[in-house]
Structure formats: C-alpha cells, structure tokens
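# Chains, contacts and geometry: an overview
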Amino acid sequence: MKDNYSFTKEDLEEIEKIKAKFPEVMPATLPVLWVAQRRFGHVEPPVQQLVADTLDLPAAHVHGVASFYTQYYKEEKGKYVLDVCTTTSCQLCGGYKMLHYLEDKLGIKAGETTEDGMFSIQSVECLGACGYAPMMQVTNDVYVNNLTEEKLDTVIEDLKDGSMPDFESVGMPQFEKRK
Ligand code: FES
C-alpha cells in the first residue's frame, strides 16, 4: 500500500465541477470516491484520506461512505473484478457452481487476485438482476446474465483480449454504448 497519492490537475477540475452541483460538499463524497477509484484502482485508506483532505471533510465520514458500499474497493484489485452473485435466486440457479468454476479456472478463491493482476473474484450479494440468474458483474460495469461455464470461458478469453463481454449483458446506463 502506497502512502502518497495525489489527484491530477484534470481530476481536481472534475472534482470542482462535482462540488458545484451540490449546495454543500458532503454529497460530493460518493462521486469523488469514484474519481479516486478510477484514478488509483481502489480507495485504500490513504486514498480515502486524500478524498477527505480534498473535500475538507472528516476522514471518518469518507471512510464510512467507502466502507458501506462494496463497489468501492478498499484494497488493490485486479484489472477486472468479477462479482459473482451468490444470493438466493442466483444461488438456486447455480451461482456457487459458477463461482467455483471460475475459482478453478483462474486458480484463486473468492476475495483473491490472480498473480498477473488481471482478475479478482468476489462473491457478492444480490445485484438486482435476479430474473437473469445466475449472473455476474464485471468491474462495477457490465452484467453478464444467465451464466454458464461456456459463457465464463468466453468472458475470460474476451477480457484477456481486452474486450468486455458481449452477451445479453446489460450495461449500466453510462456504458450502454460500449459495444
Ligand atoms: S439474487 Fe443474484 S441478482 Fe439478485
């Protein structure tokens, strides 16, 4: 874990624009944490401190927000973070089978990162796509629905080649035009 992090000039300009959208600074915490995670790949405690200093907010507040949401990575992750849902609907439809297949395929357990830094696997709670179970999310972005072992094979190959999965995936609104 590095101790010294700093935002770029472009980041700071973006942060000023974010702050200008709110009557007070506290609600800017969420989007500024995103700016930080995009810049550093995670929001480990020194990054949380940077966000707190930049927004002139208590570190405890920023830590509280960062630790509440699993979408903020509190430790370094791989380039791609594979969130396999193992809550009820997905569990009943083979979520754990998919998780264990992925673990065997990548040689790591949930919560770990491959040695080459390419992939992290996480077992996560419901991601709101229960009708498409079992499903997984790729790095807080594309949902890959109705998982099968064959789909996982293809997703991993696609990601190794640098392209996002191309199934009946549902992107978050800001990423819908990715394909
Ligand atoms: S239970 Fe998996 S998305 Fe809801």
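Residues numbered from 1 in each chain as written. Predicted model: local features only at pLDDT ≥ 70, side-chain atom pairs only at ≥ 80, totals over all residues. Heavy atoms only, no water.

### Quick notes on the overall build of the chain
Looking only at helices and strands, the chain features seven helices and four strands. Listing the helices and strands of the chain from first to last along the sequence gives α-α-α-α-β-α-α-β-β-β-α. Taking 16 Å as the expected radius of gyration for a compact globule of 179 residues, we find that the chain reaches 17 Å, a close match to that expectation. Along the three orthogonal principal directions, the C-alpha set of the chain runs to about 50 × 30 × 30 Å. The buried share among the 179 residues of the chain stands at 44%. For the chain, the proportion of contacts with a sequence separation of at least 24, taken over those separated by at least 6, is 60%. Carbon and sulfur atoms make up 52% of the accessible area of the chain, which totals about 9800 Å². Side-chain charges of the chain comprise 18 positive and 29 negative groups, with the mean position of each set lying 4 Å from the other. (Helix = DSSP H or I, 4+ residues; strand = E, 2+ residues; numbered from the N terminus. Rg over C-alpha atoms; globule rule 2.2 N^0.38 Å. Buried < 20%, exposed > 50% of the residue type's maximum accessible area, 1.4 Å probe, protein only. Contact = heavy atoms within 4.5 Å. Areas by Shrake-Rupley, 256 points an atom, 1.4 Å probe, with all protein chains shown as cover. Lys, Arg positive; Asp, Glu negative; His and termini not counted. Charge placed at Lys NZ, Arg CZ, Asp CG, Glu CD.)

### Some details on the sheet that holds strand β4 (residues 143-144)
Strands belonging to one sheet form pairs held by backbone hydrogen bonds; the direction of such a pair is parallel or antiparallel. Spatial strand order, β2-β1-β3-β4: four strands in an open sheet with mixed pairing. Each end of this open sheet is capped by a strand with a single partner; those strands are β2 (119-124) and β4. Pairing analysis gives six bridges linking strand β1 (residues 80-85) to β2, with the strands arranged parallel. What sits directly across from tyrosine 80, in β2, is phenylalanine 119. (Pairing = 2+ DSSP bridges.)

### Focus: the domain arrangement of the chain
Where interface size is quoted, it is often the accessible area lost as the parts come together. Segmenting the chain into domains produces domain 1 (9-68) and domain 2 (80-167). Taken over C-alpha atoms, the centre of domain 1 sits 28 Å from the centre of domain 2. (Domains from an automatic or database assignment.)

### Observations regarding the environment of methionine 135
Positionally, methionine 135 belongs in the loop between β2 and β3 (136-138). As a C-alpha pair, methionine 135 and valine 84 span 51 residues in sequence and 6.4 Å in three-dimensional space. With residues up to four places along the chain from it excluded, the contact list for methionine 135 reads Asp83, Val84, Cys85, Cys90, Leu127, Ala129, Tyr143, Val144, Asn145 and Leu147.

### Focus: unusual backbone geometry
Note on backbone geometry: most residues besides glycine have negative phi, and most peptide bonds are trans. Along the chain, alanine 133 connects to proline 134 via a cis peptide bond; the corresponding omega equals -10 degrees. Checked against the element boundaries, proline 134 lands in the loop between β2 and β3. The phi torsion at aspartate 56 lies on the positive side, around 55 degrees, for a residue other than glycine. Within the fold, aspartate 56 resides in the loop between α3 (45-55) and α4 (59-68). Unusually for a residue other than glycine, threonine 139 sits at a positive phi of about 45 degrees. Relative to the elements of secondary structure, threonine 139 occurs in the loop between β3 and β4.

### Structural notes on the state of the cysteines
All told, the structure shown has zero disulfides when counted by the stated rule. Between cysteine 93, a free cysteine, and cysteine 90, which holds the nearest cysteine sulfur, the sulfur-to-sulfur gap is 7.0 Å. (Disulfide = S-S within 2.5 Å.)

### Some thoughts on the side chain of threonine 114
One can find threonine 114 in the loop between α6 (95-106) and β2. Leaving out residues up to four positions away in the same chain, threonine 114 has contacts with Leu106, Ile108 and Phe119.

### A closer look at the pattern of salt bridges
Considering all chains together, one arrives at seven salt bridges under this definition. One salt bridge in this structure joins lysine 77 and glutamate 75, with 3.3 Å as the shortest N-O distance. Among the salt bridges present, the one from lysine 105 reaches aspartate 153, with a minimum N-O distance of 3.2 Å. With a gap of 48 residues between them, lysine 105 in helix α6 and aspartate 153 in helix α7 (residues 149-160) connect regions that are remote in the sequence. In this structure aspartate 153 comes out as partly exposed when scored by relative accessible area, which is 26%. (Salt bridge = Lys/Arg side-chain N within 4 Å of Asp/Glu carboxyl O.)

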